[in-house]
Each structure stands twice: as structure tokens, then as C-alpha cells.
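# Understanding the architecture of this molecule
Now for the letters of each chain:
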Amino acid sequence: MQPPPRKVRVTQELKHTHAEQLSRLHIKHQTECELLDDLRTFSQKRAAVERDYAQALQKLASQYLKKEWPDSQTEEQEDHRNMYCVWKAYLEGTIQVAQSRISACDNYKVQVADPAKMVRLQKDQQLRKCIDQLTVVQAELQDSVKELTKSRKKYQEAETMAQAVREKAELDAKSKLSLFQSRSSLQRANVKLKAKRSECNSKATHARNDYLLTLQGANAHQQRYYNTDLMDCIKVLDGRIYEQVKDYLVSLCQTELDSYQTVHNTFNHLLSSSHGVLQEFHQQLFVKKNFMFQQAPDLMFQPSESDTVNQ
């Protein structure tokens, strides 16, 4: 058979609960701070990656943009039928998109990385303030439960004594007249016993009332702790963390969408231009610029000098 579970004192159990609450609050705080740190470092590294990529892309497109194509100069510089003009527009669009990416890098720092760092520092301050206040409140509640334990002990002792006196009185009432005691002595003993029983009952009643009042006070104290003090502490610890993280996530997503919107608008227009490249246009342009491919004049009749027919 297993031994019965050891009875744990209420005060010890309360201290254990309070210590566990403080531990969980520290874990909650640490987890939220790790999220803020991840948002901050991710934004910093993402900005660096985007900047390096955009600058490299801008440099690459600029190198190819320097080249002059012989057929890129037309009467209409943005002639969508000309593949050289479309190629040039594509390079210019790439540079434009790269520049927009460089500009977007500032959003990662200004809207996420810097604010997240400040919130991280504020949360550390909020934790110290929160834990200090909660420790004081927990100590007050523990003192209240200690008083309850003392009151309960006094009540149990008084009730045990009163019960013993009641049982003795009942036993004496049922016993027969002793051969060695007179009726008068028994009556005097009975009067003393009744007086003692009345006194013990009064003390037990007083101890019970005191215990009930202390119990009511401890329960009210505990209800306030869980419904008000503990919730206020959690609110102080949280601060505006959820709203702030929401703003950071919205900013990250909006920056992505704005970047892709610029890419979409730029290259969607270039996509239409690419579809407009025509072979006939380039053939006509080539023939126009190179007269040797143009229609030669008709050959003329060249008569001999002795021939009378000269036409």
C-alpha cells in the first residue's frame, strides 16, 4: 500500500503558488522580449540584404544601360515596337525598382528596428516595477493566510476542549450515584462542570466567530489578489506589447506590398511593351537606314551608236 499523501500547509502551498506565478511572469516577459529582439535583428539584417541586393542590381543595370544600340534612336524614343527601346526601358525600370528598394530599407529601421529596441528597454523597466509591486501584495496575502491559520488553530483547540467537557458532562449525567460521594457533593461537582462547559462553549463560539471573520477576510483578500492585483500586474507587464508588435508586423507586410506593387506597376507596363515588339518594324527600319537594301531603279535601254532605235 502506498502511504497517504503528505498534508501540505496552506501557507507553504500559497508560497509555492506565488513563486510559480513569478516564474511564469518572468518566462512570459522573456518570450516577449525574444520576439522583440527577433523583430529588431531581422529588420536590421533584412534592410542590409535589401540594400546590398538593390545596389548590386542598380549597378548591374547601369552597366548595360551605358551601351548604345544602333537602332535604339528612332523618331519615337519610346517606340514599343523597337526591341532596343524596350530593352533600354527594362534596364531603366530595373534601376527605378532598385532605387525604391533602397528607399524601403529605411522603413525597416525607422518603423521596426528602432521602436522595437525602445520597447525592449521599457519592458525591462516594467518587469522590475511589476515584480516589486506583486511581491509586496503577495507578502500581504501570505500574512493574511498566516493569521487565518493561527485563528483556525485556536478555534480547533477551543472546540476540542469544549467537546471534551461536553462528553464528560454527558458521561457524569448517565453515571449512578457513587457509594463514596454524597448527593450534595455530586451536585456541586455537576454545577462546576456545567459552568466549565458553558465557559468552554463560549470560548469555542468566540474562537469560531473569529475564525469565520478571519476566513472571510482572507478570501476577500485572495479574491482581490486574483481579480485585481494580479491582473493589474499583468497589464503593467504587457504594456502595449501586442499593439506594438501588431504595428511592426503591419509595417513589414506593408513594406513588402509596396515594394512588390512598384515592381508590378513597372514591369507590367514593360510586359505590354515586350509583347509589342514587331519583326516587320525592325525589317523596315533596317532597310530604311541601309539604302543598299532599298528598291534599285529600273535598268535603262542603252542603244549602240549605229542603231537608229534609241528608245
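Residues take numbers from 1 onward in each chain, read along the sequence in its written order. Only residues with pLDDT of at least 70 are given local features in this predicted model, and only at 80 or more are side-chain atom pairs given and counted; all residues enter the totals for whole chains, interfaces and linings. By convention in this description, side-chain values take in all heavy atoms of the structure and omit both hydrogens and water.

It is worth spelling out the overall build of the chain at this point. Secondary structure summary: the chain contains five helices and zero strands in total. Taking all 311 residues of the chain together, 28% fall into the buried category. Accessible area of the chain: about 22,600 Å², with a carbon and sulfur share of 55%. Secondary structure elements follow DSSP: runs of H or I no shorter than four residues count as helices, runs of E no shorter than two count as strands, and numbering proceeds from the N terminus. Relative accessibility decides the category of a residue: with a 1.4 Å probe and only protein chains considered, values under 20% of the type maximum give buried, values over 50% give exposed, and everything between is partly exposed. For the area figures, the Shrake-Rupley method with a 1.4 Å probe applies, and any residue is considered shielded solely by the protein chains shown.

Just to be clear on terms, a salt bridge is a Lys or Arg side-chain nitrogen sitting within 4 Å of an Asp or Glu carboxyl oxygen. One pass over the structure, following the stated rule, counts 15 salt bridges. The residue glutamate 32 makes a salt bridge to lysine 28 at a minimum N-O spacing of 2.6 Å. Linking glutamate 32 with lysine 28, this pair stays in helix H1 (residues 10-65), spanning four residues, or about one helical turn. Among the salt bridges present, the one from aspartate 124 reaches arginine 120, with a minimum N-O distance of 2.9 Å. In this pair, aspartate 124 and arginine 120 are both assigned in helix H2 (residues 83-174), four residues apart and thus about one turn of the helix distant. Assessed through its relative accessible area of 17%, arginine 120 is described here as buried.

Patch definition: residues with relative accessible area over 30% and no salt bridge; like charges joined within 9 Å; nonpolar side chains (Val, Leu, Ile, Met, Phe, Trp, Tyr) joined within 5 Å. Residues scored as charged are limited to Lys and Arg (positive) and Asp and Glu (negative), so that His and the chain ends carry no count. Where a charge lies is defined by one atom per residue type, namely NZ (Lys), CZ (Arg), CG (Asp) and CD (Glu). A grouping of Arg9, Lys15, Lys146, Lys150 and Lys154 is seen on the molecular surface, where their side chains present a positively charged patch. For lysine 146, the location among the structural elements is in helix H2. Exposure remark for lysine 146: the relative accessible area of 35% places this residue in the partly exposed category.

Take the packing of aromatic side chains next. What characterises a pair of aromatic rings is the spacing of the ring centres plus the angle enclosed by the ring planes. Side-chain rings of Phe, Tyr and Trp (the six-membered ring for Trp) are treated as a pair once their centres are within 6.5 Å; stacked means planes under 30 degrees apart, edge-to-face means over 60, and tilted covers the remaining angles. Considering all chains together, one arrives at five aromatic pairs under this definition. On the numbers, 6.4 Å between centres and 80° between planes, the contact of tyrosine 64 with tryptophan 87 is edge-to-face. Here tryptophan 87 lies in helix H2 and tyrosine 64 lies in helix H1, a separation of 23 residues in the sequence. Ring centres of tyrosine 155 and tyrosine 211 lie 5.3 Å apart, and the angle between their planes is 5°; on these two criteria the pair is classed as stacked. Linking tyrosine 155 in helix H2 with tyrosine 211 in helix H3 (residues 183-238), this pair joins segments that are 56 residues apart in sequence. The exposure class assigned to tyrosine 155 is partly exposed, which follows from its relative accessible area of 21%. A network of ring pairs unites the aromatic residues Tyr64, Trp87, Tyr90 and Phe267 as a single cluster.

All right, on to the state of the cysteines then. For this text, the term disulfide refers to a pair of cysteine sulfurs within 2.5 Å. By the definition in use, this model includes one disulfide. Across the disulfide from cysteine 130 sits cysteine 233; the S-S distance is 2.2 Å. Here the S-S torsion is close to 60°, and the disulfide linking cysteine 130 with cysteine 233 is therefore right-handed. Highlighted residues: cysteine 130 in helix H2 and cysteine 233 in helix H3, separated in sequence by 103 residues. Judged by its relative accessible area of 1%, cysteine 130 is buried. According to the relative accessible area criterion, cysteine 233 is buried, its value standing at 6%.

Moving on, we get to the confidence of the model for the chain. pLDDT is defined as a per-residue confidence score from the predictor, taking values between 0 and 100. The share of residues in the chain with pLDDT of 70 or more is 86%, and the mean pLDDT across the chain is 84. Summarising per-element confidence for the chain, the mean pLDDT is lowest in helix H5 (residues 279-289) (73) and highest in H1 (94). Note on contacts: a residue pair qualifies if any of its non-hydrogen atoms lie within 4.5 Å across the two residues. Residue range residues 1-6 is modelled with pLDDT below 50. Its contacts to residues more than four positions away, or to other chains, number zero contacts.

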